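Residues per chain, in single letters:
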Amino acid sequence: GSAAIGESEIAAGIEIFDPDLELDATRAPMPDLRGSFRGVTEVATFWSEWLEAWDSVEFEDELTEAGEHVLAAITPMEMRGKGSGAAVEFPRHWHVFTLRKGKVTRDAIFFDESEALEAAGLSE
């Protein structure tokens, strides 16, 4: 489906995340946000800082379940920079969520589809 995200959606989503959640954003194209983050607070801070750069974010996502992993293919539809209001071309990317006991314990972001498929255990 398509979605627009805001802080209320992030807060509502936190309950599906393990408190010790790990976010692997080491491949992020924004150098100031690149890195690994652990725990719901650090991860929520990462996303709120990321959202602060944009006036609007709209995307389509496609989810594929793969055992303990869920692969989310994210296709940005419209992203407008805060201040400039300019439309920004943001690349298609993938999240590989790892689940244990119904909670997300890890979220790794990929900008290469084959790497994402391999991490989710879906490569040929």
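The structure displayed is predicted, hence computed values, not measured ones. (Residues numbered from 1 in each chain as written. Predicted model: local features only at pLDDT ≥ 70, side-chain atom pairs only at ≥ 80, totals over all residues. Heavy atoms only, no water.)

So, about the overall build of the protein chain. A count of helical and extended segments in the protein chain gives three helices and seven strands. Helices and strands appear in the protein chain in the N-to-C order β-α-β-β-α-β-β-β-β-α. The buried share of the protein chain, reckoned over its 124 residues, is 36%. Of the contacts made within the protein chain by residues no fewer than 6 positions apart, 46% connect residues no fewer than 24 positions apart. For the protein chain, the exposed surface amounts to about 7,300 Å²; the carbon and sulfur share of it is 50%. (Helix = DSSP H or I, 4+ residues; strand = E, 2+ residues; numbered from the N terminus. Buried < 20%, exposed > 50% of the residue type's maximum accessible area, 1.4 Å probe, protein only. Contact = heavy atoms within 4.5 Å. Areas by Shrake-Rupley, 256 points an atom, 1.4 Å probe, with all protein chains shown as cover.)

In low-pLDDT regions, the fine details of the predicted coordinates are not to be read closely. Across the protein chain, the average pLDDT comes to 86, with 89% of residues at or above 70. Within the protein chain, no element has a lower average pLDDT than strand β1 (residues 2–4), which sits at 54, and none a higher one than helix α3 (residues 113–119), at 97. (pLDDT = per-residue confidence, 0-100.)

Relative to the assigned elements, T98 resides in strand β6 (residues 93–100). For T98, a relative accessible area of 6% translates into the label buried. Engagement of the side chain of T98 in a polar contact is seen with the side chain of H69, the distance being 3.2 Å. Those residues in contact with T98 that lie beyond four places of it in its chain are E68, H69, K103, V104, T105 and R106. (Polar contact = N/O pair within 3.5 Å; in protein donor to acceptor, adjacent residues only side chain to side chain.)

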